[in-house]
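Survey of secondary and tertiary structure
If you want the building blocks of each chain, they are given just below.
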Amino acid sequence: METMLAPKIGLEKKNLSKSIQDLTIVLSNEMVLYVKSRKFHWNVTGNSFMELHKLFENQYSKLEKTIDEVAERISKLGGKTIGTMKEFIEHSILKEESKYVNQNQMLEELLDDHEKIIIQLREFIENAEDVKDAGTADFLTAILQEHESKSWILRKYLS
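For the structure given in this document, a descriptive report is provided here. (Residues numbered from 1 in each chain as written. Predicted model: local features only at pLDDT ≥ 70, side-chain atom pairs only at ≥ 80, totals over all residues. Heavy atoms only, no water.)

Let's talk about the layout of surface pockets
Its volume calculated, the second largest pocket comes out at about 150 Å³. Contributions of two or more residues to the lining of the second largest pocket are made by α2 (49-76) and α5 (134-158). By residue class, the composition of the lining of the second largest pocket is 3 nonpolar, 1 polar and 4 charged. (1 Å grid on protein atoms, 1.4 Å probe; cavity = no way out; pocket = protein on both sides within 12 Å on 5 of 7 lines; lining within 4 Å. Points joined across faces, edges and corners; volume = space filled by probe spheres on them. Helix = DSSP H or I, 4+ residues; strand = E, 2+ residues; numbered from the N terminus. Nonpolar A, V, L, I, M, F, W, Y, C, P; charged D, E, K, R; others polar.)

Structure representation (structure tokens):
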């Protein structure tokens, strides 16, 4: 069995564990939002079909990159990355929806999800700062800014 050396980067094991725990929730949120954004991309209809089809594709493409970066950050801190939809759903604050909704409902649901993530990211940034994990705090700040941008775009569609 392969064992990974624990990182010796100036953070106590319990602090690394807290950052990994928070990052696992971030990863789960990103995955649930990614799947939802793809579903909306595949199922959007109506007057703004092509514009929203492209918007959703752009958003899930960026989420895909973030997902990989979060998983790698967990590994950098010495953690194991979860990888099943069951695990992602268990750890996410977002809810999966099995219903099919119209364009406005899609936009509203995505906006709501991004805003929930933003609020939680602020808490996780504080957690990282509290344990002196500047790398994770900066990393999460960049993710927060990306969600703020996506929220702003969605909000403009709904205004």
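Considerations on unusual backbone geometry
In this structure, Lys132 is a non-glycine residue whose phi angle is positive, near 65°. Note that Lys132 resides in the loop between α4 (103-130) and α5. For Lys132, a relative accessible area of 69% translates into the label exposed. (Buried < 20%, exposed > 50% of the residue type's maximum accessible area, 1.4 Å probe, protein only.)

So, the packing of α4 against α5
It is the contact of α4 with α5, at a shortest axis distance of 9 Å, that shows an interaxial angle of 160°. By the angle class used here, α4 and α5 are roughly antiparallel. α5 is crossed by α4, and the crossing has left-handed handedness. Looking at the contact of α4 with α5, its residues break down into 16 nonpolar, 6 polar and 7 charged. (Axes fitted to C-alpha atoms, helices over the stretch in contact; angles between N-to-C directions. Parallel < 35°, antiparallel > 145°, perpendicular 65-115°, else oblique. Left-handed = near helix turned anticlockwise from the far one by under 90°.)

Overview of a negative patch on the surface
Together, Glu123, Glu126, Glu129, Asp130 and Asp138 make up a negatively charged patch on the protein surface. When residues in the negative patch are grouped by element, the largest group, 4 residues, is from α4. Structurally, the position occupied by Asp138 is in helix α5. With relative accessibility at 56%, the residue Asp138 sits in the exposed group. (Patch = residues over 30% accessible without salt bridge, like charges linked within 9 Å, V, L, I, M, F, W, Y side chains within 5 Å. Areas by Shrake-Rupley, 256 points an atom, 1.4 Å probe, with all protein chains shown as cover. Salt bridge = Lys/Arg side-chain N within 4 Å of Asp/Glu carboxyl O. Lys, Arg positive; Asp, Glu negative; His and termini not counted. Charge placed at Lys NZ, Arg CZ, Asp CG, Glu CD.)

Comments concerning the packing of helix α1 (residues 13-43) against α4
Packed helices, taken two at a time, are described by the angle between their axes plus the distance between the axes. Contact geometry for α1 and α4: axes closest at 11 Å, N-to-C directions at 170°. With respect to α4, the axis of α1 lies roughly antiparallel. Every residue of α4 that contacts α1 at Lys18, Asp22, Ile25, Val26, Asn29, Glu30, Leu33, Lys36, Ser37, Phe40 and Asn43 is listed here: Met106, Glu109, Leu110, Asp113, His114, Ile117, Gln120, Leu121, Phe124 and Asn127. Looking at the contact of α1 with α4 residue by residue, the classes come out as 9 nonpolar, 6 polar and 6 charged. (Contact = heavy atoms within 4.5 Å.)

Overview of the environment of His114
In this fold, His114 is placed in helix α4. Classification of His114 as buried rests on a relative accessible area of 0%. A C-alpha to C-alpha distance of 19 Å links His114 and Asp138, two positions 24 residues apart in sequence. The contacts of His114, once residues within four sequence positions are left out, are Leu33, Gln59, His147, Lys150, Ser151 and Leu154.

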